[in-house]
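Structural features, examined
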Amino acid sequence: MQLELDDIGGAKELAVYRLSAAKEDLDAARLNFESGHYRASNNRAYYAIFRAISACLALRFKAYKQHAQVIGNFNRDFVHTGIFPKEVSKKINRAQEIRHASDDDDFYIVSVEDAKEQLETACEVVNMVEEYLKTVPI
């Protein structure tokens, strides 16, 4: 279900709030990674990505509950339009796969490499969204 936002000021505030939550998740991912808690790191890194791209959607007066809708609409509105590079879409999809495996598959062996990749992707996406939000007028 798509939710509607009232005005651009409210949308910008929501975007800033979501980016703040993304940064908090990113910090938690780093701490978990440094402590060797790779499953938790993968989860928090993915949610940093999810919240960051949700911040972009808030600026378009869009909010979705399902992850597939968030990712699909982000790709349509921000990747396919050239605002973000096409490679980011592939990285987001890979991040979702890693998070699903880490969270849902009892026999998934979390590798340091996958956790590092997940963390790097989260850093990249959060930083790109932060830079993008600086360009958007209130």
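These figures come from a predicted structure and were not determined experimentally.

Let's shift gears to the packing of helix 3 (residues 67-79) against helix 4 (residues 86-104). For the pair helix 3 and helix 4, interaxial distance at closest approach is 10 Å and the crossing angle is 170°. Viewed along their axes, helix 3 and helix 4 adopt a mutual orientation that is roughly antiparallel. Along its contact with helix 3, which presents His67, Ile71, Phe74, Asn75 and Val79, the element helix 4 presents Lys86, Val88, Ser89, Ile92, Asn93, Gln96 and Arg99.

For the rest of this paragraph, the subject is the side chain of Gln96. Mapped onto the fold, Gln96 is located in helix 4. Judged by relative accessible area, Gln96 falls into the buried class, the value being 17%.

In this section: the nonpolar core. Phe74, Phe84, Ile92, Val125, Val129, Tyr132 and Leu133 are the most contacted members of the largest nonpolar core, which totals 39 residues. Secondary structure elements with two or more residues in this core: helix 1 (8-34), helix 2 (38-59), helix 3, helix 4 and helix 5 (112-135). Broken down by element, the residue count for this core peaks at 13 residues, all from helix 2. Once residues lying within four places of it in the same chain are set aside, the contact partners of Val125 are Ile49, Ala52, Ile53, Val88 and Ile92.

Moving on, we get to unusual backbone geometry. In this structure, Phe61 is a non-glycine residue whose phi angle is positive, near 60°. With respect to the helices, strands and loops of the structure, Phe61 is situated in the loop between helix 2 and helix 3.

Within this structure, the stated rule accounts for 11 salt bridges. Residue Asp77 is joined to Arg76 by a salt bridge in which the shortest nitrogen-to-oxygen separation is 3.0 Å. The salt bridge involving Arg99 is made with Asp103; its shortest N-O contact spans 3.2 Å. Here Arg99 pairs with Asp103, and both are found in helix 4, just four residues apart, close to one helical turn. On the basis of relative accessible area, Arg99 is assigned to the buried category, the value being 9%.

What counts, and where the lines are drawn
- Residues numbered from 1 in each chain as written.
- Predicted model: local features only at pLDDT ≥ 70, side-chain atom pairs only at ≥ 80, totals over all residues.
- Heavy atoms only, no water.
- Axes fitted to C-alpha atoms, helices over the stretch in contact; angles between N-to-C directions.
- Helix = DSSP H or I, 4+ residues; strand = E, 2+ residues; numbered from the N terminus.
- Parallel < 35°, antiparallel > 145°, perpendicular 65-115°, else oblique.
- Contact = heavy atoms within 4.5 Å.
- Buried < 20%, exposed > 50% of the residue type's maximum accessible area, 1.4 Å probe, protein only.
- Core = buried A, V, L, I, M, F, W, Y, C linked by side-chain atoms within 4.5 Å.
- Salt bridge = Lys/Arg side-chain N within 4 Å of Asp/Glu carboxyl O.

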